[in-house]
Amino acid sequence: MAVFHLAAVSIIFILAVSSSVYGFASPSTSWKTRSKHGSSNYSNLHYHDSFIVPPNLIATSKTSLAALPISSTISTVDISRTIVGLFLAQKISNSGYKKQSLSRSGAISAFLVASFSLATSFRNGLTLLTFYWTSSKLTRVGSKIKGKLEEGHTEGGERGASQVFACSLIAVLCACLRRIFVGNDGPLLDGAGLLGDQLTLAYVAFFACCAGDTWASELGVLSKSKPRLVIKPWKQVPPGTNGGISLVGLAASAAGGTLMGLIHGLFVPGGIASLLPFNLGAISSAAFKKEVLILSLVGFIGGFGGSLLDSLLGAAIQVTYYDTEEEQIVKRAGPNSTKVGGFAFLSNEMVNVVSTALSALIAALTARSLLTIMI
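Participant: Requested: an account of the state of the cysteines, with residues and values cited.
Facilitator: Scanning the entire structure with this criterion turns up zero disulfides. Counting only cysteine sulfurs, Cys210 is the nearest neighbor of Cys167, a cysteine outside any disulfide, at a range of 4.2 Å. Note on Cys176: no disulfide assigned, nearest cysteine sulfur contributed by Cys174 at a separation of 9.5 Å. Given the relative accessible area of 10%, Cys176 is considered buried.

What follows is the structure, given as structure tokens:
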């Protein structure tokens with residue numbers, strides 16, 4: 001309960017900070033309000049201090065903080081979403097703990113990141129929860145086979161705090177920063193500015209990389225053909241080896257990443273409403289299709305490319321040991337183990353942090369070029 005209260009206070013603080021400039025706003029003050037200042041693309045927007053802002057809003061202030069487009073909206077929708085998010089996050093984390101897919105520390109961590117994601121945007125929360133749900137389900141696929149191939153594998157794949165944070169914290173920070181400095185979630189190219197689009201793409205790329213790596217690991221290890229070391233494609237390695245890749249794993253990584261982008265695109269505010277015969281707060285159908293296309297593409301690249309990046313890092317700087325007696329991958333060197341490859345430099349969680357952070361960073365840095373091409 002103490003964690004619940006802490007999360008609630010922290011989320012309220014973020015919402016308060018985001019509204020500190022102009023105060024409380026009505027629900028109508030949303031992403032649609034920003035469209036009054038700019039169109040749905042970058043053609044009539046100017047770049048300023050790494051952000052895209054409408055011409056009439058370009059500031060001449062010498063102070064960089066004052067020039068930041070700090071969000072000025074907090075609505076009853078935000079408050080309602082936060083309340084729903086807190087209770088939903090608590091239910092999901094408790095369920096994960098009971099099903100042994102999360103340890104106690106993992107459940108607390110999952111509650112925190114899910115609460116903050118849902119508080120910033122429903123689709124942010126849905127993307128995170130889709131990653132968590134699919135990962136938990138895939139961990140149970142072929143669990144008996146995985147138990148023979150990998151040391152310490154459990155049916156539920158119990159994850160601790162370090163694993164939860166490694167696969168969510170950076171993305172959640174991106175979501176919070178977008179809410180504070182940009183405002184309510186909305187479609188790409190809607191006049192919110194380059195920063196908002198960068199953080200959206202970073203969020204998707206992060207979870208695409210996480211899903212790509214997880215799906216590849218959980219399904220690739222079940223491949224009937226032996227994996228090959230990504231830095232030495234001619235060398236076959238035991239299933240579960242860090243840096244090992246297979247066609248099944250690569251296909252799974254692309255599918256996992258694409259799903260993350262697809263979910264994020266489908267649940268853009270006003271998106272599904274554009275398909276209905278009546279228009280209640282909907283974006284245009286063309287904008288909705290573009291949103292789904294762009295984010296699915298980012299998800300595909302993030303899943304496939306991020307998984308390869310994770311494999312490269314795993315093969316180069318993450319040590320792998322194989323126990324010849326037990327015939328399985330083990331975490332530490334032992335009397336019957338041999339070193340398959342890598343160096344004892346980074347743990348699996350650390351490799352995940354590096355690969356996901358790089359995926360998010362690349363997506364943010366290439367956002368301008370990608371979105372310009374897609375217009």
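Now that the structure is up, let's keep going.
Participant: Tell me what's going on with the pattern of salt bridges, and back it up with residues and numbers.
Facilitator: The tally for this structure, following the rule as stated, stands at two salt bridges. Its salt-bridge partner being Arg123, residue Asp185 comes within 2.7 Å of it at the nearest N-O pair. Taken together, the positions of Asp185 in the loop between α9 (169-181) and α10 (194-220) and Arg123 in helix α6 (residues 122-140) put the pair 62 residues apart, joining distant regions of the chain. Each of the two residues, Asp185 as well as Arg123, counts as buried. Ionic pairing is found between Glu291 and Arg123, a salt bridge with its closest N-O pair at 3.0 Å. Taken together, the residues Glu291 in helix α12 (residues 285-317) and Arg123 in helix α6 connect sequence positions 168 residues apart. Arg123 carries the same exposure label as Glu291, and that label is buried. One network of salt bridges, with partners in common, ties together Arg123, Asp185 and Glu291.

Participant: Which residues make up the packing of α10 against α12, and what values do they have?
Facilitator: Remark: α10 packs on α12, axes separated minimally by 7 Å, with the N-to-C direction vectors making an angle of 50 degrees. Between α10 and α12, the angle is such that the two are oblique. Crossing geometry of α10 relative to α12 is assigned as right-handed. Facing Thr200, Leu201, Val204, Ala205, Ala208, Cys209, Gly212, Asp213 and Ala216 of α10, the residues of α12 in contact are Ile294, Leu295, Val298, Gly299, Gly302, Gly303, Gly306, Ser307 and Asp310. Considered class by class, the residues forming the contact of α10 with α12 number nine nonpolar, seven polar and two charged.

Participant: Could you give an account of the nonpolar core, with specific residues and numbers?
Facilitator: Inside soluble globular proteins, nonpolar side chains tend to come together where they are buried. The biggest cluster of nonpolar side chains holds 36 residues, and the ones touching the most others in it are Leu102, Leu128, Phe131, Val172, Tyr203, Phe206 and Phe207. Elements supplying a minimum of two residues to this core: α4 (76-98), α5 (104-120), α6, α9, α10, α11 (247-266) and α13 (348-365). In terms of residue count, α10 provides more of this core than any other element does, nine residues in total. Not counting residues within four places of it along the chain, the set of residues in contact with Val172 comprises Val113, Phe116, Ser117, Leu128 and Tyr203. Among the nonpolar cores identified, the runner-up in size contains twelve residues, and Leu194, Ala205, Val298 and Leu371 belong to it.

Participant: Tell me about a nonpolar patch on the surface, residues and numbers included.
Facilitator: Nonpolar side chains collect at one region of the surface, where Val354, Leu358, Leu361, Ile362 and Leu365 lie side by side and expose about 440 Å² of accessible area between them. Mapping Val354 onto the fold places it in helix α13. Overall, the relative accessible area of 32% leaves Val354 in the partly exposed class.

Participant: How would you explain the pairing of strand β4 (residues 232-236) if you had to name every residue and give the values?
Facilitator: Pairing analysis gives two bridges linking strand β3 (residues 228-229) to β4, with the strands arranged antiparallel. Bridge pairing in β4 places Arg228 opposite Gln236.

Participant: Just give me the short version of α6, but keep the residues and values in it.
Facilitator: Its 19 residues give α6 an end-to-end C-alpha distance of 27 Å, which sits within 8% of 27 Å, the value for a rise of 1.5 Å per residue. Counting buried positions along α6 gives 14 out of 19 residues, so the element sits mostly inside the fold. You can read the cap of α6 off the contacts: a side-chain oxygen lies 3.2 Å from the backbone nitrogen of Arg123, and it is on Ser121. Just downstream of α6, Gly142 is the residue with a positive phi angle, here 60 degrees.

Participant: Run through the sheet that holds β4, naming residues and quoting values.
Facilitator: Adjacent strands of a sheet pair through backbone hydrogen bonds, lying either parallel or antiparallel. Taking strand neighbours across the sheet as the criterion, the three strands line up as β4-β3-β5 in an open arrangement whose pairing is antiparallel. If you trace the sheet from one side to the other, it starts and ends with β4 and β5 (244-245), each paired once.

Conventions and cut-offs
Residues numbered from 1 in each chain as written. Predicted model: local features only at pLDDT ≥ 70, side-chain atom pairs only at ≥ 80, totals over all residues. Heavy atoms only, no water. Disulfide = S-S within 2.5 Å. Buried < 20%, exposed > 50% of the residue type's maximum accessible area, 1.4 Å probe, protein only. Salt bridge = Lys/Arg side-chain N within 4 Å of Asp/Glu carboxyl O. Helix = DSSP H or I, 4+ residues; strand = E, 2+ residues; numbered from the N terminus. Axes fitted to C-alpha atoms, helices over the stretch in contact; angles between N-to-C directions. Parallel < 35°, antiparallel > 145°, perpendicular 65-115°, else oblique. Left-handed = near helix turned anticlockwise from the far one by under 90°. Contact = heavy atoms within 4.5 Å. Nonpolar A, V, L, I, M, F, W, Y, C, P; charged D, E, K, R; others polar. Core = buried A, V, L, I, M, F, W, Y, C linked by side-chain atoms within 4.5 Å. Patch = residues over 30% accessible without salt bridge, like charges linked within 9 Å, V, L, I, M, F, W, Y side chains within 5 Å. Areas by Shrake-Rupley, 256 points an atom, 1.4 Å probe, with all protein chains shown as cover. Pairing = 2+ DSSP bridges. Expected span 1.5 Å × (residues − 1). Polar contact = N/O pair within 3.5 Å; in protein donor to acceptor, adjacent residues only side chain to side chain.

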